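Inside the fold
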Amino acid sequence: MSYKTVIKGARVVTSSGATECDIGINNGVITTLGLDLKNGENIIDASGLIALPGGIDSHVHISQPSGPGIEMADDFHSGTCSAACGGNTTILPFCLPEANQSLREAVKVYRNKALDQCMTDVSFHLIIKDTDPVTLGQDLPALIQAGYTSFKVFMTYAGLALTDRQILEVMSVAREHNAMVMVHAENEDAINFLQDRAERAGKTDPYHHAITRPIPVEREATHRAISLAEIAGVPLTIVHVSNGEVMQEIVRARQRGLTVFAETCPQYITLTANDLDKDGFDGAKYVCSPPPRTSEEWPKIWAGIEQRTFDLFSSDHCPFRFASAAGKNAPGARSNFRNIPNGIPGVETRLPILFSEGVVKGRISLERFAELTATNHARLYGLYPRKGAIMVGADADIVLWDPDKSKQIAQANLHHGSDYTPWEGFEVKGWPIRTMLRGVTTMLDGEPTGAPMGEYLIRRAPII
Ligand code: URP
Ligand code: ZN
Ligand code: ZN
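All of these numbers come straight from a predicted model, not from anything done at the bench. (Residues numbered from 1 in each chain as written. Chains lettered and ligands numbered in written order. Predicted model: local features only at pLDDT ≥ 70, side-chain atom pairs only at ≥ 80, totals over all residues. Heavy atoms only, no water.)

Digging into the overall build of the protein chain
- Within the protein chain one finds twelve helices and 20 strands.
- Relative to the 2.2 N^0.38 estimate, which gives 23 Å for 464 residues, the radius of gyration of the protein chain is 21 Å and therefore close to what a compact globule would have.
- For the C-alpha atoms alone, the extent of the protein chain along its principal axes is close to 70 × 50 × 45 Å.
- Going through the 464 residues of the protein chain one by one, you find that 62% of them count as buried.
- Here the contacts in the protein chain between residues at least 6 apart in sequence split such that 76% fall between residues at least 24 apart.
- Of the accessible surface of the protein chain, which amounts to about 17000 Å², a share of 49% is contributed by carbon and sulfur atoms.
- Here the protein chain carries 44 positive and 54 negative side-chain charges, and the mean point of each set is 2 Å from the other. (Helix = DSSP H or I, 4+ residues; strand = E, 2+ residues; numbered from the N terminus. Rg over C-alpha atoms; globule rule 2.2 N^0.38 Å. Buried < 20%, exposed > 50% of the residue type's maximum accessible area, 1.4 Å probe, protein only. Contact = heavy atoms within 4.5 Å. Areas by Shrake-Rupley, 256 points an atom, 1.4 Å probe, with all protein chains shown as cover. Lys, Arg positive; Asp, Glu negative; His and termini not counted. Charge placed at Lys NZ, Arg CZ, Asp CG, Glu CD.)

This is the structure:
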């Protein structure tokens with residue numbers, strides 16, 4: 001047997017455990033996992049390295065409409081360069097229709113924005129903000145059929161938050177057509193009440209973004225979302241879970257026999273609300289929703305990562321420039337946190353943070369790392385078995401990690417369009433040194449290589 005590429009000597013994290021073997025690749029697909037493979041046109045010596053499935057980041061925001069005058073810092077090229085440099089081979093951004101734009105039109109526009117730009121493979125979740133009969137009765141079923149098998153509903157944000165009735169209607173489309181509903185669970189009325197009160201008291205600095213979105217706001221909405229899913233009879237995914245009380249809601253729901261999946265993100269094991277209280281206006285760099293909590297939540301989130309309360313570890317990459325009136329310094333942002341665009345960049349740092357804090361510090365195994373960062377994303381969002389695991393027949397989406405490489409995260413070395421990272425100076429051990437998408441190297445030694453070759457992925461139903 002001859003191969004286009006053979007990766008030799010890595011510790012390979014396969015779907016059935018970690019083992020030392022060679023990987024044979026032909027036509028962009030893994031064709032052999034075996035010992036002493038020969039006849040490779042390209043031989044990659046990976047001794048001392050770990051081969052992990054290419055990261056799938058199933059929660060990123062790229063070029064998403066963000067309100068008048070506000071612009072996300074990444075387009076599909078910069079966002080996917082950053083993703084590839086952080087060890088990812090697939091990303092799933094959200095497609096949000098503009099005002100008066102149909103879901104189908106929005107998808108067309110997004111696909112055009114992504115076309116020929118991507119250094120990773122890509123597919124979109126849909127954001128459902130309108131629940132009119134055309135959207136729910138025609139567009140959404142047609143789009144699910146066409147491979148858009150997951151969508152997000154919001155319980156917060158003006159213009160996006162749906163009522164309980166609307167959420168039930170969306171869930172019933174998911175039930176009928178076998179799709180996954182993702183929920184942003186925060187109680188909009190409670191947030192508005194707290195924000196009005198803070199504003200009246202003159203508490204308008206970035207820190208009060210966190211104070212006005214406290215844990216009960218997220219816990220109540222999570223409980224309600226789960227109850228709505230129970231009523232509608234659908235599984236659901238609760239995204240960006242920030243704290244232990246919300247985890248308990250999820251655990252209790254599972255004990256009642258419900259199918260609930262859960263996602264968390266690096267910000268909830270490494271940042272705190274105090275970061276939003278940094279000198280001057282620097283706290284705005286950390287404004288995201290749900291906000292980071294206290295460090296007392298970190299061990300609870302770790303317990304959830306270790307004990308499988310969490311299925312997914314995503315970035316919620318939502319990049320804005322700090323020194324820009326189209327970003328964190330939006331008009332009125334310095335005088336009132338309500339005007340600060342929500343979101344932080346993180347697609348390039350998600351995997352190194354989890355590898356270092358999780359694998360290197362002995363909290364999780366390599367196999368669990370692979371599940372949390374790739375396999376479960378592929379299963380829940382309809383990409384498995386083509387994506388998400390190193391196994392024969394899967395795309396050769398493989399990342400070689402140097403487990404001994406120590407690094408300080410620094411904006412100067414990142415590739416996103418944002419002008420800062422919330423993790424400046426954060427020490428990590430372990431870093432991806434080569435990313436391969438369908439057998440082709442897209443990142444080598446920290447820099448993107450080659451032309452954009454990312455494909456648009458048509459997704460199947462979730463594997464529940
Ligand atoms: O603050 C955040 N997370 N912004 C991104 C949008 C979202 O809710 O995921
Ligand atoms: Zn969200
Ligand atoms: Zn998000």
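Re the coordination of the zinc ion (ligand 3)
- Within the protein, the atoms that donate to the zinc ion (ligand 3) are His59 (NE2), His61 (NE2) and Asp316 (OD), at distances of 2.0 to 2.1 Å.
- Taken together, the four donor atoms coordinating the zinc ion (ligand 3) and their angles of 91 to 123° define a geometry best described as tetrahedral.
- All donors of the zinc ion (ligand 3) come from a single chain, and their spacing in sequence reads H-x1-H-x254-D.
- Here the zinc ion (ligand 2) and the zinc ion (ligand 3) are spaced 3.9 Å from one another. (Donors = N, O, S within 2.8 Å, 3.2 Å for Na, K, Ca; no water. Tetrahedral: all angles 85-135°; square planar, octahedral: opposite > 155°, others 65-115°.)

Details of the sheet that holds strand β7 (residues 50-53)
- One open sheet accounts for seven strands, arranged β3-β2-β7-β17-β18-β19-β20; its pairing is mixed. Here the strands that pair on one side only, and so sit at the sheet edges, are β3 (17-20) and β20 (447-448).
- Two strands pair when backbone bridges link them, and strand β2 (residues 11-14) and β3 are joined in this way by four bridges, in the antiparallel orientation. Looking at the pairing, valine 12 lines up with threonine 19 of β3.
- Running over the sheet, helix α11 (residues 350-360) touches β7, β17 (398-408) and β18 (427-437) and is turned about 125° from β18. (Pairing = 2+ DSSP bridges. Axes fitted to C-alpha atoms, helices over the stretch in contact; angles between N-to-C directions.)

Concerning the pairing of strand β19 (residues 440-444)
- Bridge analysis of β18 against β19 gives four bridges, and the strand direction is antiparallel. Across the sheet, residue arginine 434 finds its bridge partner in β19, namely leucine 444.
- Linkage of β18 to β19, two consecutive antiparallel strands, is achieved through a turn of two residues, within which arginine 438 is found at a positive phi near 45°.
- When β19 meets β20, the two strands line up antiparallel, connected through two bridges. Opposite leucine 444, over in β20, you have glutamate 447 as the bridge partner.
- Taking the residues that link successive antiparallel strands as the turn, the β19-β20 hairpin has two residues, and the phi of aspartate 445 there is positive, at about 50°.

Let's talk about the coordination of the zinc ion (ligand 2)
- Of the protein atoms, only Lys152 (NZ), His184 (ND1) and His240 (NE2) coordinate the zinc ion (ligand 2), at distances of 2.1 to 2.2 Å.
- Site description for the zinc ion (ligand 2): donor spacing in sequence, K-x31-H-x55-H.

Quick notes on the pattern of salt bridges
- Following the criterion strictly, the structure yields 31 salt bridges and no others.
- Notably, a salt bridge pairs aspartate 121 with arginine 438, separated by 2.6 Å at the nearest N-O pair. Placement of the pair is aspartate 121 in strand β10 (residues 121-122) and arginine 438 in the loop between β18 and β19, with a sequence separation of 317 residues. We note that aspartate 121, like arginine 438, is buried. (Salt bridge = Lys/Arg side-chain N within 4 Å of Asp/Glu carboxyl O.)

What to know about the pairing of β17
- The pairing of β7 with β17 spans four bridges and is antiparallel. Bridging across to β17, isoleucine 50 finds its partner in tryptophan 401.
- Where β17 meets β18, eight bridges bridge the pair, whose relative direction is antiparallel. Paired with lysine 407 across the two strands is valine 428, which belongs to β18.

Side note on the packing of aromatic side chains
- For the structure shown, the criterion picks out eleven aromatic pairs.
- Residues phenylalanine 154 and tyrosine 157 carry aromatic rings whose centres are separated by 5.6 Å and whose planes lie at 45° to one another, so their mutual orientation is tilted.
- According to the relative accessible area criterion, phenylalanine 154 is buried, its value standing at 3%.
- On the basis of an interplanar angle of 15° and a centroid distance of 4.6 Å, the ring pair of phenylalanine 355 and tryptophan 401 is categorised as stacked. (Phe/Tyr/Trp six-rings, centres within 6.5 Å; stacked < 30°, edge-to-face > 60°.)

Details of the site of ligand 1
- Inspection of the region around ligand 1 gives 13 residues, with His61, Lys152, His184, Ser289 and Asp316 positioned closest.
- Take asparagine 342: an N or O atom from its main chain is 3.4 Å from a nitrogen atom of ligand 1.
- At 3.4 Å, a backbone N or O of glycine 343 approaches an oxygen atom of ligand 1.
- Expressed as a share of its isolated accessible area of 270 Å², the protein-covered part of ligand 1 is 97%.
- Residue composition of the shell around ligand 1, by class: four nonpolar, seven polar and two charged. (Near = heavy atom within 4 Å. Polar contact = N/O pair within 3.5 Å; in protein donor to acceptor, adjacent residues only side chain to side chain. Nonpolar A, V, L, I, M, F, W, Y, C, P; charged D, E, K, R; others polar.)

Read these as layout, nothing more, since geometry by itself doesn't imply function.
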